[in-house]
Amino acid sequence: MDLELGGKRALVLGASRGIGMAIAKSLAAEGAVVFAAARSIDKIEGWANGMGNVHPIELDLSAIQAVDTVIDRLLTEGGVDIVVNNGGGPPPGTAEATERAAWITNFEAMAANLFHLTTRLLPPMKERGWGRVISVTSSGVEQPIPNLALSNGIRAALVGWSKTLAGEVAADGITVNVVMPGRIHTQRVDELDAAAAKRTQKDVAEVAANSRAAIPVGRYGKPEEFADVVTFLASARASYVTGSRIRIDGGAIKSI
Ligand code: NAD
C-alpha cells in the first residue's frame, strides 16, 4: 500500500517521547517532512539525530505566544499538510477536588491552544485541497477513568471540537479524526503505575500485571502500534475516514 506521504509536511506535537515521538518517527520513515515539537528540543534532537527530514521545534503548548510564533514561521513556509495534536497528560484527581484554576490552565494547554493552532494552519490546507488533523485523546473519552477528571473532561471537549471541524472542512479534502489510546507502554504509563503502586501500597509489578490483565489482548500496546494507525490516518489511503474516533486499546474499552 502506497501511503503517499513522501514530501508531505507534518507538525507533530508532544514529540520528545512516547506516543508523539513514535508518530513523528513513523511519518518520517514514510518520507514526510516532520516538524517535531515539544518543550525540550534536546530530547527531540536526541532521537532525530541524523534524520534529515525531522526538524525539532521548541514549543510549550501552554504558552500561546510561543504557539503563535511557531505557526507564523510554518505559515511563511506554506504551512503543513498534517497536524498531530498531542501533548502531556494532566495531573490526576477527582472531579470533586479539581479546582477552577486547574480546569482553566489545563484547558488552555490541552484544548484551546490546540484548537487555535489547528485553525491557523487550515487555510493552506484548504488551498491545496488536502489536509489531515489527528488528535490524540484517551480511552477516557468513551469510558471515563476514575481519578482522571481533568483528562476525562477536557478530552471530551476535543472530541466535540474535532467532530464539528470535520463537518466544516470535509469538502476541502481535509479529514479530522480522534485517536484514543488505551494503555500504550510509554514512560508516562510507567510513571502512572509507579504512582498507583505508591498510593495503594502495592508492588509496582503487581499493579502493572493487574492493569495488563484488564486488557483483552493481555498486554500494553507498543507506541509503534499506535503510530501505525495514526500514520494510516495521515495518509492518502484514509481519505474517506473523517469525524471518527478510533480506539487503539487492545479491546480495553468495554462498550460497543
Ligand atoms: P508522555 O508523557 O510520555 O509524552 C507527552 C509528550 O508531550 C512529551 O513529549 C512531553 O514533553 C510533551 N509535552 C508535555 N507537556 C507539554 C507542553 N506543555 N507543551 C509541549 N509539549 C508538552 O505521554 P504519552 O504516553 O506519550 O501520551 C501522549 C498523550 O496521550 C498524553 O496526553 C497522555 O495523557 C495521553 N494518553 C496516553 C495513554 C498511554 O497509554 N500512553 C493513555 C491515555 C492517554
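The rules behind the values
Residues numbered from 1 in each chain as written. Predicted model: local features only at pLDDT ≥ 70, side-chain atom pairs only at ≥ 80, totals over all residues. Heavy atoms only, no water. Domains from an automatic or database assignment. Contact = heavy atoms within 4.5 Å. Buried area = accessible area lost by both parts, 1.4 Å probe. Phe/Tyr/Trp six-rings, centres within 6.5 Å; stacked < 30°, edge-to-face > 60°. Lys NZ or Arg CZ within 6 Å of the ring centre and 35° of its normal. Helix = DSSP H or I, 4+ residues; strand = E, 2+ residues; numbered from the N terminus. Expected span 1.5 Å × (residues − 1). Buried < 20%, exposed > 50% of the residue type's maximum accessible area, 1.4 Å probe, protein only. Arc of directions from axis to C-beta. Pairing = 2+ DSSP bridges. Axes fitted to C-alpha atoms, helices over the stretch in contact; angles between N-to-C directions.

Peer 1: Quick question: what am I supposed to make of the domain arrangement of the chain here?
Peer 2: Think of interface size as the accessible area that goes away when the parts come together; that is how it is often given. Structurally, the chain comprises domain 1 (9-183 + 224-243) and domain 2 (185-220). In this structure, domain 1 and domain 2 have C-alpha centres spaced 26 Å apart. Contact with domain 1, which involves eight residues of that partner, is made by 13 residues of domain 2. Area buried by domain 1 at its contact with domain 2 is led by Arg17, Arg183 and Glu225, which between them contribute 69% of it.

Peer 1: I keep staring at the packing of aromatic side chains and nothing clicks. Help me out?
Peer 2: The geometry of an aromatic ring pair is captured by the separation of the ring centres together with the interplanar angle, meaning the angle of the planes. Per the counting criterion, the structure on display carries two aromatic pairs. On the numbers, 6.2 Å between centres and 85 degrees between planes, the contact of phenylalanine 107 with phenylalanine 115 is edge-to-face. Of the aromatic side chains, those joined through ring pairs into one cluster are Phe107, Phe115 and Trp161. Just above the ring of tyrosine 220 sits the side chain of arginine 212; from NZ or CZ to the centre is 4.3 Å.

Peer 1: I tried to follow helix α8 (residues 223-234) on my own but got confused; where do I start?
Peer 2: One turn of the α-helix equals 3.6 residues, which is why residues spaced by three or four share an orientation. The end-to-end C-alpha separation of α8 is 16 Å, in line with the 16 Å expected for twelve residues at 1.5 Å each. Taken residue by residue, α8 has Pro223, Phe226, Ala227, Val230, Thr231, Leu233 and Ala234 as its buried positions. Looking straight down α8, one finds its buried side chains confined to an arc of 155 degrees; they lie on one side. Where α8 is buried, its residues meet α1 (18-29), β4 (82-85), β5 (131-136), β6 (174-181) and β7 (245-248).

Peer 1: Honestly, the sheet that holds strand β2 (residues 33-38) in this entry has me stumped. Any pointers?
Peer 2: Where strands meet in a sheet, backbone hydrogen bonds hold them as pairs that are either parallel or antiparallel. Across the sheet, which stays open at both edges, the seven strands sit in the order β3-β2-β1-β4-β5-β6-β7 with parallel pairing between neighbours. The open sheet terminates on both sides in strands that have one partner only, identified here as β3 (54-58) and β7. Neighbouring strand axes in the sheet, compared pairwise and without regard to direction, differ in orientation by 20 degrees on average. As judged from the four bridges shared by β6 and β7, these two strands associate in the parallel manner. Bridge assignment links methionine 180 to a residue of β7, and that residue is arginine 247. Helix α4 (residues 100-128) rests against β1 (9-13), β4, β5 and β6 of the sheet, and its axis sits at about 170 degrees to β4.

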